[in-house]
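Residues per chain, in single letters:
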Amino acid sequence: MSRASIRRDPTSMSKTLQAIRGMNDILPEEAELWEQFEELVRDWLRAYGYKPIRMPLVEPTPLFARAIGEVTDIVEKEMYSFTDGLNGEPLTLRPEGTASCVRAVLQHNLLYDSPRRLCYMGPMFRHERPQKGRYRQFHQVGVEALGYAGPDIDAEQILMCARLWNDLGLDDIRLEINSLGQPEERAQHRGDLIAYLEQHQERLDGDGQRRLHSNPLRILDSKNPDMQALIEGAPKLMDYLGEASLKHFEGVQAVLRDSGIPYRINPRLVRGLDYYNLTVVEWVTDRLGAQGTVCAGGRYDGLVAQLGGRPAPACGFAMGIERLLALWLDSGNRGQTIAPDVYVVHQGDAAAASAVKVAERLRDVGFTVVLHCGGGSFKSQMKRADGSGAVVAVIIGDDEVAAGEVTIKPLREEAEQRRVKLDAVDDVVGAWLFGGDEDDGDI
Ligand code: ATP
Ligand code: MG
């Protein structure tokens, strides 16, 4: 639409604009909960030695086609792809973080002298049908360990998740694992699987027909009840794993058993993304309805080479923040209410000038302070102070200014307000907030 036609469009000014379907505003109260969650997550990531990395939200489209695979749900139908209007470059809003992370690692040669534990947090974009727990802009915490080949890191990432669930007070997320073996083992299984499915082609649904030759492993993951008997009888990938693959899988399980982490081997657990091999992991809950997977990951030893790097093994996972937060709330967490310590109320020009100084002085010593802005009567300002949730109000009027004092009024307890000298204000506020004696509360 040209500028002129936007100006002429009679509806464009009167209609309130809405966010894109499936892309949510996170309003202040909820956003505070997000921040608490993110703080907890950052501490947890640090505790395991993961270093943050931040990648762009937009990448060249071929990155995802190459990394994720042409015949996956994501690349086939879920990507927000568009052409850069200025230079014609095909671009995509990132649907996941692993491809971007590996791209960044290769571009900046981060693996040149040692393996890396990396993590990131942020929005991802997929054009799916929005519903509870499934959005078009959603958020993930992603973890990638690059350059590690052994089952120790696979197991550590599982232990790590178990700790986070514990930190969040979530006790009903169960662990499912599987091994996808190596590409050659998968190829053998794939041949037999296609032969088996071809014999029963009439029992395949539309998706199954479509995937029969492109991505038959995904058929095993179908939720269609009519296909379950067919899937039960299909050749099992586990039976095709060679000694080394089985040893790796056993290595992961040994640590889990040793650490007392319950798990179930789910032979039908495959990943939607093509770059996985060996260990696959999902954490699932029954409390979120159909969108029950809160975290998914595993090993992807082929990806670094697939993106043009010197071959390097890798293992990672991504968790859905919206789903975890829904579970956190469902488990009774309400988050802490975040309120300022102090609300500063003032009237008159001299009082306003003093109020700025008092507020800054209180912030200097670490209090959170809301300074009333916008004028109004003492009564209306006190209403705001109360509504802010602050523990005390600091009140400054002409009298206080003349005496070089302020009035401190507790808002959450029945107690008398007090006049104190300006230079005692932080001690007295501190005494109110934390109890105890102020140093020099000369009244
Ligand atoms: P699903 O089977 O639910 O579509 P997926 O296999 O596509 O999940 P992954 O690509 O493995 O998901 O992403 C890891 C995690 O990110 C998921 O387990 C889920 O918690 C979350 N997630 C994925 N897609 C969405 C979405 N559209 N909205 C909200 N969370 C999502
Ligand atoms: Mg999906």
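1. Quick notes on the nonpolar core
Reasoning step 1: If you look at the biggest cluster of nonpolar residues, it comprises 42 residues, and the most contacted ones within it are W44, W165, W283 and M319.
Reasoning step 2: Ranked by residue count, the leading element in this core is helix α7 (residues 151-167), at 7 residues.
Reasoning step 3: Beyond its immediate stretch of four places on either side in the chain, W283 contacts I158, C161, A162, W165, I173, R174, L175, G292, T293, V294 and C295.

2. Describing the pairing of strand β10 (residues 293-299)
For a regular strand, the rule is simple: side chains alternate between the two faces of the sheet.
Reasoning step 1: Burial analysis of β10 places 6 of its 7 residues in the buried class, the great majority of the element.
Reasoning step 2: Note that strand β9 (residues 277-284) and β10 share 6 bridges and pair antiparallel. Following the sheet pairing, N277 is matched in β10 by R299.
Reasoning step 3: In terms of strand pairing, β10 meets strand β11 (residues 314-320) through 5 bridges, oriented antiparallel. Within β11, the position partnered with R299 by the bridge is C315.

3. What about the site of ligand 1?
Reasoning step 1: Around ligand 1 lies a shell of 15 residues, among which R126, E128, R134, R271 and T293 are the nearest.
Reasoning step 2: A distance of 2.9 Å is found between an oxygen atom of ligand 1 and a backbone nitrogen or oxygen belonging to T293.
Reasoning step 3: Measuring from an oxygen atom of ligand 1, one finds a side-chain N or O atom of R323 at 3.2 Å.
Reasoning step 4: Contributions of two or more residues to the shell around ligand 1 are made by β6 (137-146), β10 and β11.

4. Some points on the environment of T83
Reasoning step 1: With respect to the helices and strands, T83 occurs in strand β3 (residues 80-83).
Reasoning step 2: In this structure T83 comes out as exposed when scored by relative accessible area, which is 53%.
Reasoning step 3: Setting aside its immediate chain neighbours within four residues, T83 contacts G88 and E89.

5. A closer look at the sheet that holds strand β2 (residues 58-60)
Each strand in a sheet pairs with another by means of backbone hydrogen bonds, the pair being arranged parallel or else antiparallel.
Reasoning step 1: Reading across the sheet, the 3 strands line up as β2-β4-β3 and stay open at both edges, with antiparallel pairing between neighbours. Whereas interior strands pair on both sides, the edge strands pair on one side only; in this sheet they are β2 and β3. Going across the sheet, the axis of each strand differs from the next one's by a mean of 35 degrees, ignoring polarity.
Reasoning step 2: Relative to strand β4 (residues 90-93), β2 is paired through 3 bridges, and the arrangement is antiparallel. Across the sheet, residue P60 finds its bridge partner in β4, namely L91.
Reasoning step 3: The sheet contacts of helix α4 (residues 61-68) involve β2, β3 and β4, and relative to β2 the element is tilted by about 75 degrees.

6. Regarding empty space enclosed by the protein
Reasoning step 1: The tally for this structure, following the rule as stated, stands at 1 cavity of 30 Å³ or more.
Reasoning step 2: Computed from the structure, the largest cavity encloses a volume of approximately 80 Å³.
Reasoning step 3: In terms of lining, the largest cavity is formed by 14 residues, of which the most central are D154, Q157, I158, V281 and F317.
Reasoning step 4: Only α7, β9, β10 and β11 provide two or more residues apiece to the lining of the largest cavity.

7. Side note on the domain arrangement of the chain
Reasoning step 1: What the domain assignment lists for the chain is domain 1 (21-181 + 241-330) and domain 2 (342-430).
Reasoning step 2: Relative placement of domain 1 and domain 2: their C-alpha centres are 48 Å apart.

8. Some thoughts on the environment of L159
Reasoning step 1: Within the secondary structure, L159 sits in helix α7.
Reasoning step 2: Residue contacts for L159: discarding those within four places in its chain leaves Y48, V255, L256, S259 and I261.

9. Describing the side chain of T279
Reasoning step 1: Tracing the backbone shows T279 in strand β9.
Reasoning step 2: For T279, a relative accessible area of 2% translates into the label buried.
Reasoning step 3: If we skip the residues at most four places from it in the chain, T279 touches D154, N178, S179, H248, V252, G297, G298 and R299.

10. Examining the packing of aromatic side chains
Reasoning step 1: Applying the stated criterion across every chain yields a total of 5 aromatic pairs.
Reasoning step 2: Pairing W44 with F317 gives two aromatic rings, centres 6.4 Å apart and planes at 45 degrees, and the pair type is tilted. Of this pair, W44 sits in helix α3 (residues 28-47) while F317 is found in strand β11, placing the two residues 273 residues apart along the sequence.
Reasoning step 3: Classification of W44 by relative accessible area gives buried; the value is 3%.
Reasoning step 4: With relative accessibility at 7%, the residue F317 sits in the buried group.
Reasoning step 5: Summarising the aromatic geometry, the rings of Y276 and Y300 are spaced 6.4 Å apart at their centres and angled 80 degrees between planes, so their arrangement reads as edge-to-face. Here Y276, found in the loop between β8 (264-265) and β9, pairs with Y300, found in the loop between β10 and α13 (303-306); they are 24 residues apart in sequence, far enough to count as distant.
Reasoning step 6: In this structure Y276 comes out as buried when scored by relative accessible area, which is 6%.

11. What about unusual backbone geometry?
Reasoning step 1: Its identity is not glycine, yet N109 carries a phi of approximately 55 degrees, on the positive side.
Reasoning step 2: Here N109 lies in the loop between α6 (98-107) and β5 (116-125).
Reasoning step 3: Taking the relative accessible area as the measure of exposure, N109 reaches 47% and is therefore partly exposed.
Reasoning step 4: A positive phi angle is found at L278, which is not glycine, with a value near 45 degrees.
Reasoning step 5: Considering the arrangement of structural elements, one finds L278 in strand β9.

12. A look at the sheet that holds strand β15 (residues 405-410)
Reasoning step 1: One open sheet holds the 5 strands; their spatial order is β13-β12-β14-β15-β16, and the pairing between them is mixed. For this open sheet the edge positions go to β13 (369-371) and β16 (418-421), each flanked by a neighbour on one side alone. On average, each strand axis in the sheet is inclined to that of its neighbour by 30 degrees, with strand direction left out of account.
Reasoning step 2: Across 4 bridges, the pairing between β15 and β16 is antiparallel. Counted as the bridge partner of T407 is R419 from β16.
Reasoning step 3: Seen against the sheet, helix α16 (residues 378-387) touches β12 (342-346), β14 (392-396) and β15 and runs at an angle of roughly 170 degrees to β12.

Analysis parameters
- Residues numbered from 1 in each chain as written.
- Chains lettered and ligands numbered in written order.
- Predicted model: local features only at pLDDT ≥ 70, side-chain atom pairs only at ≥ 80, totals over all residues.
- Heavy atoms only, no water.
- Core = buried A, V, L, I, M, F, W, Y, C linked by side-chain atoms within 4.5 Å.
- Buried < 20%, exposed > 50% of the residue type's maximum accessible area, 1.4 Å probe, protein only.
- Helix = DSSP H or I, 4+ residues; strand = E, 2+ residues; numbered from the N terminus.
- Contact = heavy atoms within 4.5 Å.
- Pairing = 2+ DSSP bridges.
- Near = heavy atom within 4 Å.
- Polar contact = N/O pair within 3.5 Å; in protein donor to acceptor, adjacent residues only side chain to side chain.
- Axes fitted to C-alpha atoms, helices over the stretch in contact; angles between N-to-C directions.
- 1 Å grid on protein atoms, 1.4 Å probe; cavity = no way out; pocket = protein on both sides within 12 Å on 5 of 7 lines; lining within 4 Å.
- Points joined across faces, edges and corners; volume = space filled by probe spheres on them.
- Domains from an automatic or database assignment.
- Phe/Tyr/Trp six-rings, centres within 6.5 Å; stacked < 30°, edge-to-face > 60°.

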